[in-house]
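Fold and contact review
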Amino acid sequence: MNKAPKADRYELMEKIQVVDFALVELTLYLDTHPQDSQAIQQFNQLAVESRDLKNVYEQHFGPLRQYGASFSGYPWNWKDGPWPWQL
Amino acid sequence: MYTPVKCYQPYYSPFDPCPPRTPICYATPPNLYLGFQQPNLPQYSLKEALYKGTLWPSLYDPYPLEGGGYREQSTEG
């Protein structure tokens, strides 16, 4: 896991936040518009993009999520990274 | 024309011993007027959506009232 420069971390985290916010908006929208296929397609694209971005982030900066959402390094290192409010 | 804030001047009776009240303003976000959201509305770019707080320009509201105390911002008419 090569240590990417710090700037990458914040840019990458911002991209993740951008995609996740759009996913939240689309989720709320789709709750009331179940038949909107175009929005569903956009939702699925963003879900894939979000997963890929998180994988890239986790390769550089360690696990991002817990309970099986992120792979763990050795030793158990999900608590090593800075907490979200410390970023 | 849509305005995010609406104000009114409470009636001031000639027999009212107290000083007249300042105009009372309240926020009127776009979702009040939108009704059922139509599909395929135009969207912001994703990055802009994060900073604007919504994915759809038609739902964007800067909430111009300061501090939620329903005081009118000087810029608003």
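A brief structural summary. (Residues numbered from 1 in each chain as written. Chains lettered and ligands numbered in written order. Predicted model: local features only at pLDDT ≥ 70, side-chain atom pairs only at ≥ 80, totals over all residues. Heavy atoms only, no water.)

1. Concerning the overall build of chain A
What chain A contains, in helices and strands, is two helices and zero strands. In terms of overall size, chain A is more extended than a compact globule, its C-alpha atoms giving a radius of gyration of 15 Å where 87 residues would be expected to give roughly 12 Å. Taken along its principal axes, the extent of the C-alpha atoms in chain A is 45 × 25 × 20 Å. Evaluated residue by residue, chain A yields a buried proportion of 34% over its 87 residues. Across chain A, contacts joining residues at least 24 apart in sequence account for 58% of those joining residues at least 6 apart. Total accessible area computed for chain A in this model is approximately 5,900 Å², and 60% of it derives from carbon and sulfur atoms. (Helix = DSSP H or I, 4+ residues; strand = E, 2+ residues; numbered from the N terminus. Rg over C-alpha atoms; globule rule 2.2 N^0.38 Å. Buried < 20%, exposed > 50% of the residue type's maximum accessible area, 1.4 Å probe, protein only. Contact = heavy atoms within 4.5 Å. Areas by Shrake-Rupley, 256 points an atom, 1.4 Å probe, with all protein chains shown as cover.)

2. A word on the nonpolar core
In this structure, L26, L46 and Y57 of chain A together with L55 of chain B are the most contacted members of the largest nonpolar core, which totals 19 residues. Here the element with the most residues in this core is helix α1 (residues 6-32) of chain A; it accounts for ten residues. Not counting chain neighbours up to four residues away, the residues in contact with L55 of chain B comprise A22, E25 and L26 of chain A together with P42, Q43, Y44, L46 and A49 of chain B. (Core = buried A, V, L, I, M, F, W, Y, C linked by side-chain atoms within 4.5 Å.)

3. Quick word on the interface of chain A and chain B
Taken together, the 14 residues of chain A in the interface contact 15 residues of chain B. Across the chain A to chain B interface the summed buried area is about 1,200 Å²; carbon plus sulfur atoms make up 63%. When the buried surface of chain A facing chain B is broken down by residue, V18, F21 and Y29 of chain A rank first, second and third, together holding 37% of it. Run the count over chain A and chain B and you get one salt bridge. One salt bridge in this structure joins K47 of chain B and E14 of chain A, with 2.6 Å as the shortest N-O distance. Secondary-structure elements contributing two or more residues to the side of chain A that touches chain B are α1 and α2 (37-61) of chain A. The element best represented in the side of chain A that touches chain B is α1 of chain A, accounting for nine residues. Considering only residue class, the side of chain A that touches chain B consists of six nonpolar, five polar and three charged. (Buried area = accessible area lost by both parts, 1.4 Å probe. Salt bridge = Lys/Arg side-chain N within 4 Å of Asp/Glu carboxyl O. Nonpolar A, V, L, I, M, F, W, Y, C, P; charged D, E, K, R; others polar.)

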